[in-house]
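So you can see what is in the structure, the chains are spelled out below.
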Amino acid sequence: MKITADTNVLVRAIVGDDARQSGIAQAVLAEAESVVITLPTLCELVWVLGRGYKIAADDVAEAVRRLIESVNVVVNRAAAEAGLALLAAGGDFADGVIAFEGRWLGGEVFVSFDQTAIRLLEQQGEAVRGLK
C-alpha cells in the first residue's frame, strides 16, 4: 500500500507518547510500500516536535533526517534539506522550505517581516527583502 502520512501519525511514531497509537503508527509506516510525506506535513512535524514537545532543534533535525532517509519515504528532499539548513542556522524549518519552493515556482525574492529569516536566508545566498 502507498500511503500519505498525516502529521499525527509521524508524531506518534517518533515521540512514542501513546503506546497503542505509537505501535500502530510505527507498524503502518514500516509496512507501507511507500510513505509520502508532504511539505506541509514536514513543517507541522518540526513545529510540533520543537514547540509542542520542546525537543531541541538538533534532535528534531536528526528525527527528520532519519525519516526522510527511510527507504520507503517519498518526499521533496531538496526542499526538506533547505528547511533543515535553515533550522541548523537557528531559523525556522518552514521558512527554508517556503524560500526553496518559492524559488522553484519562479519567485525571485523572498520577502518577509521576519528579520531573522531574512538575515539567515541572505547568509545562505537567497535573494531577500525584509519588510518593516
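Here, the structure is the one placed above.
Residues numbered from 1 in each chain as written. Predicted model: local features only at pLDDT ≥ 70, side-chain atom pairs only at ≥ 80, totals over all residues. Heavy atoms only, no water.

Undergrad: Got a minute to help me understand the packing of helix 1 (residues 7–15) against helix 3 (residues 39–52) in this structure?
TA: A pair of packed helices is captured by two measures, namely the crossing angle of their axes and the spacing between those axes. For the pair helix 1 and helix 3, interaxial distance at closest approach is 9 Å and the crossing angle is 45°. The angle between helix 1 and helix 3 falls in the class oblique. Where helix 1 crosses over helix 3, the two elements pack in a sense that is right-handed. On helix 3, the residues that touch T7, L10, V11, I14 and V15 of helix 1 are T41, E44, L45, V48 and L49. Residue composition of the contact of helix 1 with helix 3, by class: seven nonpolar, two polar and one charged. (Axes fitted to C-alpha atoms, helices over the stretch in contact; angles between N-to-C directions. Helix = DSSP H or I, 4+ residues; strand = E, 2+ residues; numbered from the N terminus. Parallel < 35°, antiparallel > 145°, perpendicular 65-115°, else oblique. Left-handed = near helix turned anticlockwise from the far one by under 90°. Contact = heavy atoms within 4.5 Å. Nonpolar A, V, L, I, M, F, W, Y, C, P; charged D, E, K, R; others polar.)

Undergrad: How should the sheet that holds strand 3 (residues 73–74) be read in this particular structure?
TA: To summarise the sheet geometry, strands pair through backbone hydrogen bonds and adopt either a parallel or an antiparallel arrangement. The parallel open sheet is built from three strands, whose spatial order is 1-2-3. Every other strand in the sheet has two partners, leaving strand 1 (2–4) and strand 3 as the edge strands with one partner each. As paired strands, strand 1 and strand 2 (residues 34–36) are joined by three bridges and run parallel to one another. Counterpart to K2 in the pairing with strand 2 is S34. (Pairing = 2+ DSSP bridges.)

Undergrad: Would you mind showing me how to read the pattern of salt bridges here?
TA: Pairing is possible between side chains that carry opposite charge, provided their charged atoms lie close to one another. Scanning the model with the defined rule gives five salt bridges in all. Its salt-bridge partner being R51, residue D92 comes within 3.7 Å of it at the nearest N-O pair. With a gap of 41 residues between them, D92 in the loop between helix 5 (77–88) and helix 6 (93–104) and R51 in helix 3 connect regions that are remote in the sequence. Taking relative accessible area as the criterion, R51 reaches 48% and is therefore assigned partly exposed. (Salt bridge = Lys/Arg side-chain N within 4 Å of Asp/Glu carboxyl O. Buried < 20%, exposed > 50% of the residue type's maximum accessible area, 1.4 Å probe, protein only.)

Undergrad: What is the right way to look at the layout of surface pockets in this model?
TA: Taking a probe equal in size to a water molecule and rolling it over the atoms shows the remaining empty space. Its boundaries defined by the atoms lining it, the largest pocket holds a volume of some 230 Å³. Lining the largest pocket, in full, are C43, V46, W47, G50, R51, A57, V60, L87, G91, D92, F93 and A94. In the lining of the largest pocket, the residues fall into eight nonpolar, two polar and two charged. Its boundaries defined by the atoms lining it, the second largest pocket holds a volume of some 200 Å³. Taken together, A13, I14, L29, A30, V35, A63, R66, L67, S70, N72 and V73 make up the lining of the second largest pocket. At three residues, helix 4 (residues 57–68) tops the list of elements feeding residues into the lining of the second largest pocket. In the lining of the second largest pocket, the residues fall into eight nonpolar, two polar and one charged. (1 Å grid on protein atoms, 1.4 Å probe; cavity = no way out; pocket = protein on both sides within 12 Å on 5 of 7 lines; lining within 4 Å. Points joined across faces, edges and corners; volume = space filled by probe spheres on them.)

Undergrad: Looking at this structure, I do not really get the environment of R129. What am I missing?
TA: Here R129 is to be found in strand 5 (residues 128–130). The exposure class assigned to R129 is exposed, which follows from its relative accessible area of 52%. For the pair formed by R129 and S112, sequence separation is 17 residues and the distance between their alpha carbons is 6.8 Å. Excluding anything up to four places from it in sequence, R129 contacts V109, F110, V111, S112 and I118.

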